[in-house]
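Residue-level listing of the chains:
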Amino acid sequence: RLQMVWVFIMNRMSSQSSSSTQRRRMALGIVILLLVDVIWVASSELTSYVFTKYNKPFFSTFAKTSMFVLYLLGFIIWKPWRQQCTRGFRGRHAAFFADAEGYFAACTTDNTVNSSLSEPLYVPVKFHDLPTEKNGSNNSDAEKTPKKPRVRFSNIMEIRQLPSSHALEAKLSRMSYPTVKEQESILKTVGKLTATQVAKISFFFCFVWFLANFSYQEALSDTQVAIVNILSSTSGLFTLILAAVFPSNSGDRFTLSKLLAVILSIGGVVLVNLSGSEKSAGKDTIGSLWSLVGAMLYAVYIVMIKRKIDREDKLDIPMFFGFVGLFNLLLLWPGFFLLHYTGFEAFEFPSKLIWMCIVINGLIGTVLSEFLWLW
């Protein structure tokens, strides 16, 4: 009874400590979200100011998105990233990974993607021969004593295998703490997608991200910040709908409380922005359409990246954004020639002041804010 009481007390203490940790994480997340909101609003105002002197949405979007490439400096600063690209890492720890992969043989069925165990495999059991009993007096003594009943085992054993992707984690969980500490550099990369896999994911997200931001920048150049912010806030409604249609976990289901929260959020943005809005003779209709397109694309981006993070929690976010900036820099520069010769946006270099505003807006309003938002 004392043991049961002690176990109950320990379980309560551990649950309370875990709940307090969750509350601290929740509080930290709310503070980060508030910081991101402040950065986004300031970034919108700075962008609107830049467009009064340098109305080039494509150039602004291209410059700020390309700054994500700064995250790739992690390959110089962060050791686990470098180890993914060096042969020394493979050579030094090849035996470790080979041993881990051999810990569980690779399953030949495709069912291991959906279930943790493979189909049963029946293998004959090889029993060791029992030592022969000695003749003589020993036999006579054995006959006097009653024989103990023996357990008869089946001659066939059933084997189920874990997928090889769990081999390394299974091996590490059975290692002693000092041994695991020796492999700390490997532990930092355990469960993380390789640089090649992250680059493939970033390649597809690059275009969605750029189009969403370009639509928002184009809307700011065509209409007031108040109208743009009102229509951009509808991305929460589009995100709610898309997440319910394409859920990545049980928390994405549609609820009335979520709908009410989104409506209150949009209503608050409407009240705040309309109170300071002014009538203008600008292209408000075109800007409104750009805002709605940007809101929908941003909702698509949010749902896609959330599905990747929920299903593949091994995605390295800084590396992901670094490759997004790299692909943006390498693949989207022909847009300058296309827009220049079609007359949609004539190419010209900005002044030093505008350059400084774009760089500051890109570093803080794009690079830092997006990382904080995903964190």
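The protein chain appears in an unreviewed UniProt entry as Solute carrier family 35 member F5 from Scopus umbretta. As recorded by UniProt, the Sequence similarities (unreviewed entry) comment attached to the protein chain reads in full: "Belongs to the SLC35F solute transporter family." Quoted straight from UniProt, the Function (unreviewed entry) entry for the protein chain says "Putative solute transporter."

A.B. asks: Kindly report on the overall build of the protein chain, identifying the contributing residues and their values.
C.D. replies: Within the protein chain one finds 18 helices and two strands. Classification of the 375 residues of the protein chain by burial places 35% in the buried group. Partitioning the contacts of the protein chain with sequence separation of at least 6, the portion at a separation of at least 24 is 86%.

A.B. asks: Would you mind going over the packing of aromatic side chains in detail, with residue names and values included?
C.D. replies: On inspection of all chains with the given rule, the structure shows 33 aromatic pairs. Consider the rings of Phe59 and Phe347, whose centres lie 6.2 Å apart with planes at 55°: the pair is tilted. You can see Phe59 sitting in helix α2 (residues 57-66) and its partner Phe347 sitting in the loop between α17 (334-342) and α18 (352-374), a full 288 residues away along the chain. Counting every residue linked through ring pairs, the aromatic cluster contains Trp40, Phe68, Tyr71, Phe205, Trp209, Tyr298, Tyr301, Phe320, Phe321, Phe371 and Trp373.

A.B. asks: Give a description of the packing of α2 against α17 that names residues and reports values.
C.D. replies: For the pair α2 and α17, interaxial distance at closest approach is 11 Å and the crossing angle is 175°. What the angle tells us is that α2 and α17 run roughly antiparallel. In this structure, α2 contributes Phe58, Phe59 and Phe62 to the contact, and α17 contributes Gly335, Phe336 and Leu339. Of the residues belonging to the contact of α2 with α17, the class tally is five nonpolar, one polar and no charged.

Reading guide: rules and limits
Residues numbered from 1 in each chain as written. Predicted model: local features only at pLDDT ≥ 70, side-chain atom pairs only at ≥ 80, totals over all residues. Heavy atoms only, no water. UniProt positions renumbered as here; feature names shortened; annotations may be inferred. Helix = DSSP H or I, 4+ residues; strand = E, 2+ residues; numbered from the N terminus. Buried < 20%, exposed > 50% of the residue type's maximum accessible area, 1.4 Å probe, protein only. Contact = heavy atoms within 4.5 Å. Phe/Tyr/Trp six-rings, centres within 6.5 Å; stacked < 30°, edge-to-face > 60°. Axes fitted to C-alpha atoms, helices over the stretch in contact; angles between N-to-C directions. Parallel < 35°, antiparallel > 145°, perpendicular 65-115°, else oblique. Nonpolar A, V, L, I, M, F, W, Y, C, P; charged D, E, K, R; others polar.

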